[in-house]
Amino acid sequence: MTDQELQTEQARVDLVIQAIDEQIIQTKAAVKKAHAETRAVEKNYGANTSINRYEIDDIAESRAEIEQQRRLLFQASENEDILKRQLATLQELRHSPYFGRIDILDPGEKEPESLYIGVASLMNNDKSDFLIYDWRAPISGVYYNGTLGTVTYPTPNGSQTTKLVKKRQFTIVNGKITNMFDTNETVGDEMLQAALGRQNDQYMQSIVATIQQEQNDIIRNTTSDLLVVQGVAGSGKTSAILQRIAYLLFHSRDSLNADQIVLFSPNLLFSQYISQVLPKLGEKNMRQVTLAGFLRRRFEGLKVETLFERYEKDTASNPTQKYLESAAVMKAVEAYLANMQAKTVQPAFITVTFNETPFFTADHIQSIYDAQPASMAVADRLLATKNALIKELKGRIREEAKKDWVAKELDELTTQQITKLMGKHSVDDFNSPDHLNHYLARRWAHKRLRTVYDALFNNYFIDFYAQYHHFLQTLPLEHANQIAKAFYNQLEWHQISLVHTAPLMYLRDLMSASGINRAFQYVFIDEMQDYSPAMLVYLHHAFPLAKFTILGDSEQALFYPLKLPAELLKQTQTILAAKHPRLVTLRRAYRSTKEITDFAKALLPDGDQIVSFTRHGEVPELIMTNKGEEWQVNLIETVKKARSKYATVALLTKNQGVAQKIYQLLYGKIAKLTVLSDQDSSLPTGVIILPTYLAKGLEFDAVIIPDVSQQAMSLDDTGLLYTMASRAMHQLTLLSQGPVSPVITPAARKLIQIKMTNLQ
Ligand SMILES: Nc1ncnc2c1ncn2[C@@H]1O[C@H](COP(=O)(O)OP(=O)(O)OP(=O)(O)O)[C@@H](O)[C@H]1O
């Protein structure tokens, strides 16, 4: 590359930055204006909603007005948000306007055209030409996929063909080109090396400048209703799906918004870790939920066992557990419902009480249910029962209003409460005190019986737990009665095991025709190996219109046995009833240095499937000692050494208990030390100690595994150790107190530098 070329390119960068600066000024002014508008609407909204605060329930007119104001407020703040995002994008572009250039020669043209590719599109100030093409634009696909020569790329109007005559890559930092070269590769290793060599911070980076071809397939896939990505640790699964979300949002602006996409993430730390990627690409974040959060909402009042608790307790699956987590149990739920349809099984009705006395008895509810036509589906029959009960309740309000308890309670009300009860009426509206009392009694009975209404509305007249208890007893399991009993016992403590959640939710949803969310168009599941088949069946039921993208690495499975990718696809395809499934396998591990990846893959029986990316670094180290005190000294030294070099240092343990112990050991001896639990949602810098399941999806500059001795790890811990090792980007150190666990295979030992201290 000549100096002349560099100067020409730098001159173009300068011109683009000038245009960006002008647009930043305009956008800032627009943000200011939009902010003033939002404030004005907000003020108006506040004033309007306070007028009829006490009467909101009664006055439909004010409700409509509030609704309109709310919409206006939403629009105004949405508008402000869009402008703010535009401004943030411009500021991002100002720093590094683009990373690629392609020169293409379209059929019939004499001169090639140069297109520059960056994280967002930018037009010149008179809007006549693109200065930068968004990396998601159809033509940009050529940059990621094409080698020089004739290339085709998909567009909304079908396939287009062009000739790629030049592909140039840039690194631009603070508006200055620091590196630039022409390449025929898809995206050259040189830039990738630089991207991967950087130090870690608390947030995941966007990878748009260096997307690899196989990742591009995931990102630009718009046709599959099920995309299963099986990728080794650090192969860019998470990165690819985040860019995929950005891609989908860009291509379906009119029909898809970020609120219609949900990502099931492995833990709260991960949610925070990835939270900057989409905003940096100028997009709103999708919804994020952890499985625990999702279940918490569906089992209010109960403490649902989390994946972590389950992991802390028990890693081996027993046959009952296996069955309750299988797709077969969900079929059993459907069969149970068919029996209910045929009336061989009855819904578990429960008496609805009011003032501690039965208001609607279970028998009464049952008789209403029995009177419904047999041809009706169970859910419809139950709905008809609910409606009949609500109707009956309305009649009963009139009756109850005449009863003594109402008169007694009315007598005890304060003047203020009475005034509130009168609503918009005044005493003058009534022609006699009796008339007034009658009105107040009706209002009061209505108000008090609201609890009964709510109970009916929320289906509290069906005891779903009792129903599930009964269902468990019907299962083809050896100890079905005991399992059902254990479920009930737990319930008394307001607890529920993870294994029961999917079948129970499914049973409840099918009976009550609820729990279904049709708003979501895309569901992404990260770390699918932690989801049982039963849970996947449930999620498919809960999001019936969504396309699923699920990512996993069966080597990192904490609970379920290893499965071959093709087998996994077949299973998931059946579970999710997918018509256009696609499996993408990623084998190249980008995160760690070659030395670390080579060590990690040697731990696995089929590790040769993993391809290390050639970025060299230190050989992983194993420090062995026989003595407890010496081990402690070594650990402290190792931590200090790593910390002197790197910003993020993580000590990964098997569980929370060990994490706490190590914390106590290091407390006061290491600065900036934090121990994390599953309640934590932010990732501090410095030295952190955390159980491995919380480190899923995360990465650190240096990883220290405090104890890989025989006592600390068994052969069953292969997946665990692999997950631990593969979190390290640049440095990996293992320590052992006594003889090393066989989990470190002979092949792996050859790839590690062993240091023995004071072994007798
Ligand atoms: N094409 C790429 N360009 C630059 N960096 C990349 C690329 N692909 C992956 N990386 C980097 O490699 C690391 C691992 O990526 P990511 O976390 O997406 O992998 P993963 O497959 O989800 O990993 P795991 O399953 O181990 O959590 C990240 O630092 C990511 O930025």
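Reading the values: rules and limits
Residues numbered from 1 in each chain as written. Predicted model: local features only at pLDDT ≥ 70, side-chain atom pairs only at ≥ 80, totals over all residues. Heavy atoms only, no water. Near = heavy atom within 4 Å. Polar contact = N/O pair within 3.5 Å; in protein donor to acceptor, adjacent residues only side chain to side chain. Areas by Shrake-Rupley, 256 points an atom, 1.4 Å probe, with all protein chains shown as cover. Helix = DSSP H or I, 4+ residues; strand = E, 2+ residues; numbered from the N terminus. Nonpolar A, V, L, I, M, F, W, Y, C, P; charged D, E, K, R; others polar. Contact = heavy atoms within 4.5 Å. Expected span 1.5 Å × (residues − 1). Buried < 20%, exposed > 50% of the residue type's maximum accessible area, 1.4 Å probe, protein only. Arc of directions from axis to C-beta. Phe/Tyr/Trp six-rings, centres within 6.5 Å; stacked < 30°, edge-to-face > 60°. Lys NZ or Arg CZ within 6 Å of the ring centre and 35° of its normal. Pairing = 2+ DSSP bridges. Axes fitted to C-alpha atoms, helices over the stretch in contact; angles between N-to-C directions. Parallel < 35°, antiparallel > 145°, perpendicular 65-115°, else oblique. Left-handed = near helix turned anticlockwise from the far one by under 90°.

Trainee: Give me the lowdown on the site of the ligand, citing residues and values where you can.
Mentor: Around the ligand sit 23 residues in total, of which Thr210, Thr238, Ser239, Glu699 and Arg727 are the nearest. At 2.9 Å, a side-chain N or O of Arg591 approaches an oxygen atom of the ligand. One of the side-chain nitrogen or oxygen atoms of Arg727 is found 2.7 Å away from an oxygen atom of the ligand. Relative to its free-state accessible area of 630 Å², the ligand is covered by the protein chains to the extent of 98%. Elements with a minimum of two residues in the shell around the ligand: α4 (189-197) and α6 (237-251). A total of 3 residues in the shell around the ligand trace back to one element, the largest contributor, which is α6. Residues that form the shell around the ligand fall into these classes: 8 nonpolar, 10 polar and 5 charged.

Trainee: So what about the environment of Leu536? Which residues, and what values?
Mentor: Counting through the fold element by element, Leu536 comes out in helix α22 (residues 533-542). Residues Leu536 and Leu73, spaced 463 residues apart in sequence, show a C-alpha to C-alpha distance of 38 Å. Apart from residues lying up to four places away in sequence, Leu536 is in contact with Ile525, Met528, Tyr531, Thr572, Ile575 and Leu576.

Trainee: Hey, could you go over helix α17 (residues 433-448) for me, with residue numbers and the actual values?
Mentor: A rise of 1.5 Å per residue sets the reference length of α17, with its 16 residues, at 22 Å; its end C-alpha atoms lie 22 Å apart and thus fit the reference within 8%. Of the residues making up α17, those classed as buried are Leu436, Leu440, Ala441, Trp444 and Ala445. Taken down its axis, α17 places every buried residue within 160° of arc, on the same side. Tucked inside the fold, the buried residues of α17 contact α14 (378-401), α15 (404-411) and α16 (415-422).

Trainee: Which residues make up the packing of aromatic side chains, and what values go with them?
Mentor: Here the structure, examined in full by the defined rule, presents 26 aromatic pairs. A ring pair is formed by Phe264 and Phe543, whose centres lie 6.3 Å apart and whose planes are at 75°; its orientation type is edge-to-face. Placement of Phe264 in strand β9 (residues 261-265) and of Phe543 in the loop between α22 and β16 (547-552) is noted, with a sequence separation of 279 residues between them. For the pair shown, Phe264 and Phe543 are each scored as buried. Geometrically, the ring pair formed by Phe354 and Phe359 is edge-to-face, given 6.1 Å between the ring centres and 75° between the ring planes. Here Phe354 falls in the buried class, since its relative accessible area comes to 7%. On the basis of relative accessibility, which here comes to 8%, the residue Phe359 falls in the buried class. Site record: aromatic cluster; members linked through ring pairs are Phe264, Phe294, Phe520, Tyr531, Tyr538 and Phe543. When the ring centre of Tyr116 is taken as origin, the NZ or CZ atom of Arg12, which lies over that ring, is 3.6 Å away. Above the ring of Tyr143, the side-chain terminus of Lys167 is found at 5.7 Å from the ring centroid.

Trainee: Describe the sheet that holds strand β25 (residues 728-737), listing the residues and the values that go with them.
Mentor: The 7 strands are arranged β22-β23-β21-β24-β25-β20-β26 in an open sheet whose pairing can be described as parallel. Two strands bound the open sheet, and with one partner strand each, they are β22 (673-675) and β26 (753-757). Strand after strand, the sheet turns through a mean of 20° between neighbouring axes, direction not considered. For strand β21 (residues 648-653) and strand β24 (residues 700-705), the ladder comprises 3 bridges, and the chain directions are parallel. In the sheet register, Val649 faces β24, and the bridge partner there is Ala702. Most of the contacts of helix α25 (residues 628-645) go to β25, to which it runs at about 170°, and overall it touches β20 (621-625), β21, β23 (686-691), β24, β25 and β26.

Trainee: Describe the environment of Phe308, and please don't skip the residues or the numbers.
Mentor: By the element assignment, Phe308 lies in helix α10 (residues 307-313). On the basis of relative accessible area, Phe308 is assigned to the buried category, the value being 11%. Residues Phe308 and Tyr693, spaced 385 residues apart in sequence, show a C-alpha to C-alpha distance of 7.0 Å. Residue contacts for Phe308: discarding those within four places in its chain leaves Pro266, Asn267, Asp678, Tyr693 and Leu694.

Trainee: Break down the sheet that holds β16 for me, with residues and values.
Mentor: Sheet architecture is open: 6 strands sit in the order β10-β9-β15-β16-β8-β17, paired in parallel fashion. The open sheet has two edge strands with one neighbour each: β10 (287-290) and β17 (581-586). Taken over all neighbouring pairs, the strand axes of this sheet differ in orientation by 15° on average, direction set aside. With 6 bridges joining them, strand β8 (residues 226-231) and β17 adopt parallel strand pairing. Paired with Val229 across the bridge in β17 is Val584. Contacts between helix α9 (residues 291-298) and the sheet are confined to β9 and β10, with β10 contributing the most and set at about 85° to the helix.

Trainee: Provide a residue-level description of the side chain of Asp530, including the pertinent values.
Mentor: Here Asp530 lies in the loop between β15 (522-525) and α22. Take Asp530: its relative accessible area is 7%, and that puts it in the buried class. Polar contacts involving the side chain of Asp530 include one to the side chain of Lys696, which spans 3.4 Å.

Trainee: Hey, could you go over the packing of helix α19 (residues 464-473) against helix α20 (residues 480-492) for me, with residue numbers and the actual values?
Mentor: In a packed pair of helices, the relevant descriptors are the angle between the two axes and the axis-to-axis distance. Running from amino to carboxyl end, α19 crosses α20 at an angle of 160°, the nearest separation of the two axes being 7 Å. Regarding the angle of α19 to α20, the classification is roughly antiparallel. Read as a crossing pair, α19 and α20 show a hand that is right-handed. Across the interface between the two elements, Tyr465, Ala466, Tyr468, His469, Leu472 and Gln473 of α19 pack against Ala480, Asn481, Ile483, Ala484, Lys485, Phe487, Tyr488 and Leu491 of α20.

Geometric values such as these leave the question of function open.
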